[in-house]
Amino acid sequence: QVQLVESGGGLVQPGGSLRLSCAASGSIFSINTMGWYRQAPGKQRELVADITIGGSTNYADSAKGRFTVSRDNAKNTVALQMNSLKPEDTAVYYCHADGFYRFPSRPFDSWGPGTQVTVSS
């Protein structure tokens, strides 16, 4: 089983910044894509940004120009730097990763428990 643990959420004023981090652990052979999703009350979970093992990134339109996703392949970690935060960014942010277990060699698709981000004055 692959476990994902997020950190870095909290309360921030509009215009402020937060950095989310996520670490994957377990019997991991490789992680193809790591990324961040969010879910606001009453809304569906949506992609914020993700990054492949090769460094290709994908951002939601709402995140472009404000958020930056990065990863450390050696440490199996992914981070999300969020700048110029807006009240509409308020949500639970979930880390996601997919890849392959080491033994036996089979795919995995894992989610973290989520971390709350609240943007409010």
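For the structure given in this document, a descriptive report is provided here. (Residues numbered from 1 in each chain as written. Predicted model: local features only at pLDDT ≥ 70, side-chain atom pairs only at ≥ 80, totals over all residues. Heavy atoms only, no water.)

## Here's the deal with the overall build of the protein chain
- When you go through the protein chain residue by residue, the secondary structure sums to 0 helices and 11 strands.
- The secondary structure elements of the protein chain, listed N-terminal to C-terminal, are β-β-β-β-β-β-β-β-β-β-β.
- Computed over the C-alpha atoms, the radius of gyration of the protein chain is 14 Å, within 12% of the 14 Å expected from 2.2 N^0.38 for a compact globule of 121 residues.
- Across its three principal axes, the protein chain shows a C-alpha extent of roughly 50 × 25 × 20 Å.
- When the 121 residues of the protein chain are sorted by exposure, 40% land in the buried category.
- Considering only contacts within the protein chain whose residues lie at least 6 apart along the sequence, 56% involve residues at least 24 apart. (Helix = DSSP H or I, 4+ residues; strand = E, 2+ residues; numbered from the N terminus. Rg over C-alpha atoms; globule rule 2.2 N^0.38 Å. Buried < 20%, exposed > 50% of the residue type's maximum accessible area, 1.4 Å probe, protein only. Contact = heavy atoms within 4.5 Å.)

## Looking at the pattern of salt bridges
- This structure, assessed with the given rule, holds 4 salt bridges.
- The salt bridge partner of Arg38 is Glu46, with a shortest N-O separation of 2.8 Å.
- Judged by relative accessible area, which is 7%, Arg38 ranks as buried.
- The partner of Arg66 in a salt bridge is Asp89, and the shortest N-O contact between them spans 2.8 Å. Remark: Asp89 occurs in the loop between strand E8 (77-82) and strand E9 (91-101) and Arg66 occurs in the loop between strand E6 (57-59) and strand E7 (67-72); sequence separation between them is 23 residues. Comparing Arg66 with Asp89, the two get one shared label, buried.
- Overlapping salt bridges bring together Arg38, Glu46, Arg66 and Asp89 as one network. (Salt bridge = Lys/Arg side-chain N within 4 Å of Asp/Glu carboxyl O.)

## A look at the state of the cysteines
- Overall, the coordinates contain 1 disulfide when judged by the stated rule.
- Between the sulfur atoms of Cys22 and its disulfide mate Cys95 the distance is 2.1 Å. On the S-S bond that ties Cys22 to Cys95, the torsion sits near -85 degrees, and the link is left-handed. Taken together, the residues span a long stretch of sequence, with Cys22 in strand E3 (residues 18-25) and Cys95 in strand E9 at a distance of 73 residues. (Disulfide = S-S within 2.5 Å.)

## Brief notes about the sheet that holds E7
- Strands sit in the order E1-E3-E8-E7 across an open sheet of 4 strands; the sheet is antiparallel. Here the strands that pair on one side only, and so sit at the sheet edges, are strand E1 (3-7) and E7. Direction aside, neighbouring strands of the sheet carry axes that sit 15 degrees apart on average.
- Sheet topology note: the E3/E8 ladder contains 6 bridges and is antiparallel. Opposite Ser21, over in E8, you have Ala79 as the bridge partner. (Pairing = 2+ DSSP bridges. Axes fitted to C-alpha atoms, helices over the stretch in contact; angles between N-to-C directions.)

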